[in-house]
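Observations on the model geometry
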Amino acid sequence: MYIFILAFTIVVDYFAGIAIQGSPPRFRKGILLISLLANIGVLAVFKYYNFAIDNISVLLGYIGLPAKIPYLSILLPIGLSFHTFQAMSYTIEVYRGKQKAEKHFGIYALYVMFYPQLVAGPIERPQNILHQFYEKKVFSYANISNGLKLMLWGLFKKAVIADRLSIYVNTVYNHVGSKEFNSLSYILATMLFSFQIYCDFSGYSDMALGAAEIMGFKLMKNFNRPYFATSIRDFWSRWHISLSTWFRDYVYIPLGGNRVMFYRWVLNLLIVFLISGLWHGANWTYVIWGGLHGLFMVINAMLDKRSGDKPVYSSIWLNLLKTIGIFAIVSFAWIFFRANSIADALGVIRNIFIWKRGIFLGTIQSLIYSFFGLAILLCAEIKNEYYPRAFSFSKSKYLGVRWAYYLALILIILELGAFNGSQFIYFQF
């Protein structure tokens, strides 16, 4: 059934692109609107219909009216939000005149259904990927080598770090209020979830980029060491780059961006992040998560406005404090992202700030394994962030050193990885 949903949007957008390019200007906006409504309509039905019914039922209950609106017994197709946004970027770019309409139906379908990034991104733009489908692909040792390295590193992040951390995080967050947990338990679970979701999602992105590179395709980079950010704006320039730039180009700038009065600028920021939160899931927890980041961005904007052109003092230690501070507020926002309900999120926050001594450690062996993986990740990220030209095992000119590194990483994955059938977190979006 779900392949027909994908086929429907592909057909609509394929013909919409051709019609937009070949129609007089007065008709183009209407054709674009039809295309966007078709895509958003499919997304709304499958992802938000039952969520809307729940909220309407609550409102009707408050005023004493019976709620007899039927629910839909449907499952959310994997990756629906991702390929919907990728399809929408195509018709928008054709409308703006920045991309020629694709006449080859198979090529356009491949653009939407390109398997490495179909279910969890990165959300590609037509200018980057469409022309690559026409280019002749030849065997390239460099492409295969680089692609396999990326896939191996992504698998390490997923199996050794993300899936190991999920054991502790799920134990705490799925039993909020248990007397077995205390303040440090919730703090540790929240911090570990920050690393879990990063390694889970960036691990998938690494494998997607690697699989594409093996075949000779270059996808856009989706993560750039976000936890080294020194401001919340810096964080969003590093985290899920394909989505943040999508919202920037197709929502924030059309709303007026920062070329408007300050209060409208604030509103634009809040709108973008609230929509971003809702994009992630049909639950108020995601909306609150997006709202918190919108609030953080507003505060960031106000501080930037206040400082103006004044020189900003900077030092290694000050940047370190900023990085720790950004990690702390991002981790706080992740509470709402991970919690099963608003009540659970508030329960986690309450238990963090109402201090209780002691700590729940769960399975010590699993924590040790994941901390070992985190140590390797941290060393690699520090090296790439601050010393990009320093010695690299994977790029050593000595064949023995490179293969020793690859084999060590494979052995670590096999011995320390958690192979429990855990899905990637962003598959649900």
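Here's a quick rundown of the structure. A quick note: this is a predicted structure, and the numbers were derived from the prediction, not measured.

Considerations on the packing of aromatic side chains
Centre-to-centre distance and the angle between the planes together describe a pair of aromatic rings. For the structure on display, the rule yields 45 aromatic pairs. Relative to W279, the ring of F82 lies with its centre 5.1 Å away and its plane at 80°, an arrangement referred to as edge-to-face. You can see F82 sitting in helix α3 (residues 80-96) and its partner W279 sitting in helix α10 (residues 262-280), a full 197 residues away along the chain. Both residues of the pair, F82 and W279, count as buried. Between F85 and W246 the ring centres are 3.9 Å apart and the planes differ by 20°, which places this aromatic pair in the stacked class. Separated by 161 residues along the polypeptide, F85 in helix α3 and W246 in helix α9 (residues 241-252) bring together distant segments of the chain. Neither residue differs from the other here; F85 and W246 are each classed as buried. Across from the ring centre of W279, 5.3 Å away, lies the NZ or CZ of K47, which sits over that ring.

Things to note about the packing of α3 against α9
Axis separation between α3 and α9 bottoms out at 12 Å; the angle between their running directions is 35°. Relative to α9, the crossing made by α3 is left-handed. Judged by residue contacts, F85, M88, S89, I92, E93 and R96 of α3 engage L243, W246, F247, D249 and Y250 from α9. Here the residues of the contact of α3 with α9 are counted per class, giving seven nonpolar, one polar and three charged.

Some details on the environment of A282
With respect to the element layout, A282 can be found in the loop between α10 and α11 (284-307). Apart from residues no more than four positions distant in its own chain, A282 is found in contact with K47, Y48 and F51.

Some thoughts on the nonpolar core
The biggest cluster of nonpolar side chains holds 114 residues, and the ones touching the most others in it are F85, I197, Y227, F235, W239, W334 and Y426. Residue contributions to this core peak at 14 residues, all from helix α7 (residues 183-214). Apart from the residues lying within four places of it in its own chain, the contact partners of F235 are P226, Y227, A229, H293, I326 and V330.

As for unusual backbone geometry
Backbone phi values are negative for most residues with the exception of glycine, while trans is the configuration of most peptide bonds. Its identity as a non-glycine residue notwithstanding, R225 has a phi of 50°, on the positive side. Considering the arrangement of structural elements, one finds R225 in the loop between α7 and α8 (232-236). Residue R225 is classed as buried on the basis of its relative accessible area, which comes to 17%. Even without being glycine, H240 reaches a positive phi, approximately 40°. Here H240 is to be found in the loop between α8 and α9. Take H240: its relative accessible area is 0%, and that puts it in the buried class.

Re a nonpolar patch on the surface
The grouping of L399, W403, L407, I410, L411, L414 and F419 at the surface amounts to a nonpolar patch, some 740 Å² of accessible area in total. Looking at the element boundaries, L407 is found in helix α15 (residues 399-416).

Criteria and thresholds
Residues numbered from 1 in each chain as written. Predicted model: local features only at pLDDT ≥ 70, side-chain atom pairs only at ≥ 80, totals over all residues. Heavy atoms only, no water. Phe/Tyr/Trp six-rings, centres within 6.5 Å; stacked < 30°, edge-to-face > 60°. Helix = DSSP H or I, 4+ residues; strand = E, 2+ residues; numbered from the N terminus. Buried < 20%, exposed > 50% of the residue type's maximum accessible area, 1.4 Å probe, protein only. Lys NZ or Arg CZ within 6 Å of the ring centre and 35° of its normal. Axes fitted to C-alpha atoms, helices over the stretch in contact; angles between N-to-C directions. Left-handed = near helix turned anticlockwise from the far one by under 90°. Contact = heavy atoms within 4.5 Å. Nonpolar A, V, L, I, M, F, W, Y, C, P; charged D, E, K, R; others polar. Core = buried A, V, L, I, M, F, W, Y, C linked by side-chain atoms within 4.5 Å. Patch = residues over 30% accessible without salt bridge, like charges linked within 9 Å, V, L, I, M, F, W, Y side chains within 5 Å. Areas by Shrake-Rupley, 256 points an atom, 1.4 Å probe, with all protein chains shown as cover. Salt bridge = Lys/Arg side-chain N within 4 Å of Asp/Glu carboxyl O.

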